Structure formats: structure tokens, C-alpha cells
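Coordinate inspection notes
Next come the chains, spelled out residue by residue.
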Amino acid sequence: LRAAFDFVLVDPPFITREVWEKYAATTRFLLRDGGKVLCTTIAENAEMMQELLGLSPVLFRPSIPNLVYQYSVYTNYTSEGLAELNPEIDDKDWRAPSVNGGPESQ
């Protein structure tokens, strides 16, 4: 399965950095050169997503009723659909200024 996939989606439950490191290693193993990655995790993991997989947060965040934490989406590619706010969740850019793509990093 090495380098067998053009796209890898990682949507784990809330997990620790140690577990994310294993997900990242598996993602790199499975992904072809130039492949796309989409992960979901909490906003507080933005720096770790950049460090482990080179992912940046997108504006869109999923609506998951009754979930304790708000999940965010991180990718290594751009997408028109993911560049739009989800009006069920946000009415302005939620990303931290220090994060790639955040409102004050432009």
C-alpha cells in the first residue's frame, strides 16, 4: 500500500500528539507524491497539523451537534468549497492570526 493513494482522509476521535504522530507516519506511507490530505481535529492542534503533515486550517468547519469540541478541517491543498464559512458555526474567520492562512497572516 506504500504510495498507493492520491487522497488520505484522517478523521480520528480526540487523540494525543503521540497518536497523531502515528497517524502522520501512516498518512505519509500511504500517500503518493503530490497527494492530498484532509484531517479533522480541534483548533488547538493547528500548529501540530502544520508540523506533522504540512497542513493548514481552512475556513469551513463541520456542524456536529452535541459534540463537546468544535472540530476544524486541515488540508495541504486549496478548495473553493472549504474556503467558505459554515454559517451554522461561524460568522467570521475563526483561525488564529499566527496560523498559516489566518486573517492577519495575509
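Up top is the structure these notes are about.
Residues numbered from 1 in each chain as written. Predicted model: local features only at pLDDT ≥ 70, side-chain atom pairs only at ≥ 80, totals over all residues. Heavy atoms only, no water.

A count of helical and extended segments in the protein gives two helices and four strands. In sequence order, the protein lays out its α and β elements as β-α-β-α-β-β. The proportion of buried residues among the 106 residues of the protein is 39%. A separation threshold of at least 6 residues defines the contact pool for the protein, and within that pool the share at least 24 residues apart is 62%. For the protein, the exposed surface amounts to about 6,700 Å²; the carbon and sulfur share of it is 52%. (Helix = DSSP H or I, 4+ residues; strand = E, 2+ residues; numbered from the N terminus. Buried < 20%, exposed > 50% of the residue type's maximum accessible area, 1.4 Å probe, protein only. Contact = heavy atoms within 4.5 Å. Areas by Shrake-Rupley, 256 points an atom, 1.4 Å probe, with all protein chains shown as cover.)

We now examine the nonpolar core. The tendency in soluble globular proteins is for nonpolar side chains to be buried as a group. Core analysis: the largest hydrophobic core is formed by 17 residues, its most contacted members being Trp20, Cys39, Met49, Leu52, Leu53, Leu55 and Tyr74. Of all the secondary-structure elements, those providing two or more residues to this core are β1 (5-10), α1 (17-30), β2 (31-42) and α2 (46-53). Per element, the largest residue contribution to this core is five residues, and it comes from α2. Setting aside residues up to four positions removed in sequence, leucine 52 forms contacts with Arg17, Trp20, Glu21, Ala24 and Arg28. Core analysis: the next-biggest nonpolar cluster, separate from the first, contains five residues, Leu38, Val73, Tyr77 and Leu82 among them. (Core = buried A, V, L, I, M, F, W, Y, C linked by side-chain atoms within 4.5 Å.)

Before going further, it helps to spend a moment on the pairing of strand β4 (residues 71-75). Along β4, five of the five residues are buried, which leaves the element largely enclosed by surrounding structure. Residues Tyr71, Val73 and Thr75 line one face of β4 and the alternating positions Ser72 and Tyr74 line the opposite face, and both faces are buried. For β2 and β4, the ladder comprises five bridges, and the chain directions are antiparallel. Across the sheet, the residue bridging to threonine 40 is valine 73, located in β4. (Pairing = 2+ DSSP bridges.)

In the structure shown here, the tally under the stated rule is five salt bridges. Residue arginine 32 pairs with aspartate 6 through a salt bridge whose shortest N-O separation is 3.0 Å. In this pair, arginine 32 sits in strand β2 while aspartate 6 sits in strand β1, placing the two residues 26 residues apart along the sequence. Note that arginine 17 is salt-bridged to glutamate 21, the shortest N-O span being 3.0 Å. Of this pair, arginine 17 and glutamate 21 both sit in helix α1, separated by four residues, roughly a single helical turn. A relative accessible area of 35% means that glutamate 21 is categorised as partly exposed. (Salt bridge = Lys/Arg side-chain N within 4 Å of Asp/Glu carboxyl O.)

On their own, these measurements won't tell you what the molecule is for.
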